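Chains, contacts and geometry: an overview
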Amino acid sequence: MTKHTVLPGFTRTLLASSLLLAFAPAWSQQTADPAPTPPAVDATAPSVIVLGSRGAARTALDASAPVGLISAKDMQMAGPLELGKLLQTLDPSFNFSSTFISDGTDIIRPATLRSLGPDQLLVLVNGKRRHQQALVNVQQTIGRGSAGTDINAIPMSAIQRIEVLRDGAAAQYGSDAIAGVINIVLKQQTNETQLSGTVGGTSEGGGQLYSGSANKGWAIGDGGYVNLTVEGRHRGETNRAGVDSLRVDPPRVTQRIGDSLAKDKYFWWNSALPAGEGGEFYTFGGVSHRTGDSAGFFRSAGDGRNVPAVYPNGFLPNIRTTVKDASLALGYRRDLADQWKLDLSVNHGRSELDFHEKQTINVSYWYEPKPGGGIYAESPLEADTGALKFRQTTVNADLRGPLAVFGRDVSFATGFEYRRDGYAIDAGDPVSYQYGRSNNPAIVIRDQTGAAAASGTQGFPGYTPGTAVDDSRHNIALYADLEHKLTSELLLGAAVRWEKYSDFGSTTTGKLSLRYDPSKMVGLRGTVSTGFRAPSVQQKFYSSVSTNLNAAGVLTETLTAREGSAVTKAFGIPNLKEETSKNASVGIVLRPASNFSLTADLWGIDIDNRIVFSSNIAPESGACASAAACPIKAILDPLKVGQAQFFTNAIDTQTRGLDIVAEHTTRLPGATLVLSGQLDFNRTRVVGRHSDSPVLSGTQLFDDSQVTLIERGQPRQHHVLSADYTQGAWNGNLRANYYGEVQGQGFTAPFVQTWAAKWIVDATLRYNFSKGTSLTVGSNNLFNTFPTKWDPVKAAPFPQLGFTYCWETCPFGINGRSWYARVDVSL
């Protein structure tokens, strides 16, 4: 593979960071006797976090592992209204890659931490496990073959703060916490009604944004509360496609490449009801309904997948998606004797993704021969193509408190968890998947070119009765956490977790942590842990037939075969087993002054038997003397598909990284300036490819293009530098995100396309007319920065088809500059 140096970007980043750190002491000296900061803008008050430890609550700087904290003010002064984009803007360890022409991934984008997979990140809401999404990312995108958490199903207007644990925590929180954990804490405020309205757009056209939200809280009894949130948002389509000079004459734009049209509606709640002295019942959760309108690949007039009598100029299939998400948590917690606490809860969540195809056609319906002669010459032009459904129920019983061990107080926590995960695929309308009305493969149906006609609707063929499924599995877990302050300077922690799954057995993981503070200005911290990730029910039960581009850039029917199917058995692919991981980190915390802090953490994650989507396995080319000479062709030809893919424990990976976070606060008379820098360096390598298949080698099962996607699909450097200035009623924020270069070769192999590193600058200005009313205006991507363009020669034919910028790996999207104005009112 082509090697590319990262020194220029690295040098620029170190220069910017050095300037930030070099001026910090000077600013500190200039403000030795600062004026007091008004409480409303006190950005330096210690922030208590609960993530990463079940012991006493502490600030992020006092934790044994790196924890990032995103406050309500941080969210107010950042431009994005989607939670995924907001997290990417504010936390450099988080990635929310943009993608398009990727079916359901256009509306549910992959959310990752530390450049690992979406399903290696655990998301909590109010400390309780959040359910995953129904969608499996099956296209050539970040998170290919995974089903993570639909982070955008949670409205920002319901969130009080966000905690990001950048450390392996499977021993504490269970499967999926290999890369880390995000805990979203919902609002509890009871004294006002918060209203917000936003309008926006892009300078290059499209992307019109309209959003409105309301949050209202009420106090109940002594310490109880009810907090409700409603939010609605409309995001217009953007299209940055170039001219198609290959498929149409005269050349014109044939593709939709950019953000899909999206309409989102939310209703969320968070409440607690006092129940006797020291006890309360609580409930939280929400429902969301989101729709997306995106497109597939253009079918030209002469393509065999087109019917010229219906679409004389070709057509662009239109994929409509509806995402329904709901969750409900019910629980009871109380204080027991001797500082012990009990928490009992049940948490249920559902995710559903419905597909509907418009501007489409089933070619085999149109050209199917009639029994008495002639052809049918008709087909519906839209159809429901099926639905994906995920459901999860989690029951927890948690107990924590102090223990006296050999005369010393030890913080102890233990608990039990039961979880059931279910997955279902509903078949689409018959026209969406059938090969002719009779669905009889023995009938020869020819398209306009004379080749065998494609079955099902174009764009997104429907799920068939053969791919339909409704299955589940369950697991139980027991855990224990210990934390003890051996001396006033030394904190030790340990955790162990045992889980047993109904489908593949049991596993035990552990974690050790240490925090040593030789002085108030210096702290040392470190962790070592083992982790695991069980194969998700989506990976176990998902299967489909879709139309993708093959290695030659030709639209091809692609079979995704589930575990234990006839196809995976024919290839000799065994059932999935769990991923196992080892995680270690060591860091330093420096607080040379009350208004300045610096942390640096080195970390590493090794994952064995990582579950991935295989490469697209295509039949052998050329003539075959016998079936034995072409084993792949012998397996796939009877299925009438051009290539196949499946889930498999095919690779081992090694990830190394360094996180540096610095913050300095300058207080001036009536004003506050907060400067911060967050630097994230990471590198993932595929250190092993292996196959149990007698037909496929490890490099066939997971080829170089997939290695590139894992290793270089996400930035190896992502840094955030920001300055926040408050004076009187004014608040201004300037933020720069640096995204390192990314690469892809999913459709251009062996050529590796590189998209260069870029700085993206955002600016926000806020004016408070009164304590409860403010106006905020801002611009994201202020300097209208775009990714580098496709190589016009080596990446052909994609630039000629209209692909102007990136596709499979787009860290910051291709919209260019956007602007917005927001009014916030508190009553």
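Described below are features of the structure shown in this document. (Residues numbered from 1 in each chain as written. Predicted model: local features only at pLDDT ≥ 70, side-chain atom pairs only at ≥ 80, totals over all residues. Heavy atoms only, no water.)

Excluding glycine, residues mostly have negative phi values, and the peptide bonds linking residues are mostly trans. The omega torsion across Asp 249 and Pro 250 is 5°, close enough to zero to call that bond cis. Tracing the backbone through its elements, the reader meets Pro 250 in the loop between strand 12 (224-235) and strand 13 (261-274). The residue after Ala 749, namely Pro 750, is reached through a cis peptide bond having omega 5°. Here Asp 103, not a glycine, exhibits a phi torsion of approximately 55°, which is positive. (Helix = DSSP H or I, 4+ residues; strand = E, 2+ residues; numbered from the N terminus.)

Burial within helix 11 (residues 704-712) is extensive, with eight of its nine residues counted as buried. Residues of helix 11 that are buried include every one of Ser 705, Gln 706, Val 707, Thr 708, Leu 709, Ile 710, Glu 711 and Arg 712, and no others. Check the buried side of helix 11 and you find it contacts strand 26 (596-613), strand 27 (643-668), strand 28 (671-689) and strand 31 (742-744). (Buried < 20%, exposed > 50% of the residue type's maximum accessible area, 1.4 Å probe, protein only. Contact = heavy atoms within 4.5 Å.)

A few words now on the state of the cysteines. Evaluated as defined, the whole model comprises two disulfides. At a sulfur-sulfur separation of 1.9 Å, the disulfide partner of Cys 624 is Cys 630. Judged by the sign of its S-S torsion, about -95°, the cystine formed by Cys 624 and Cys 630 is left-handed. One disulfide bridge connects Cys 806 with Cys 810, the sulfur atoms lying 2.2 Å from each other. Linking Cys 806 and Cys 810, the disulfide has an S-S dihedral of approximately 135° and is accordingly described as right-handed. Cysteine pairing for the chain (bonded cysteines numbered in sequence order): 1-2, 3-4. (Disulfide = S-S within 2.5 Å.)

Taken together, five strands build an open sheet; the order of strands is 3-8-9-6-7 and the sheet is mixed. One side of each edge strand has no neighbouring strand; the edge strands of this open sheet are strand 3 (67-70) and strand 7 (128-129). Of the strand pairs in this sheet, strand 6 (residues 121-125) and strand 9 (residues 180-186) are connected by five bridges, and their pairing is parallel. If you follow Leu 124 over to strand 9, its bridge partner there is Asn 183. (Pairing = 2+ DSSP bridges.)

Just distances and angles here, no functional claims.
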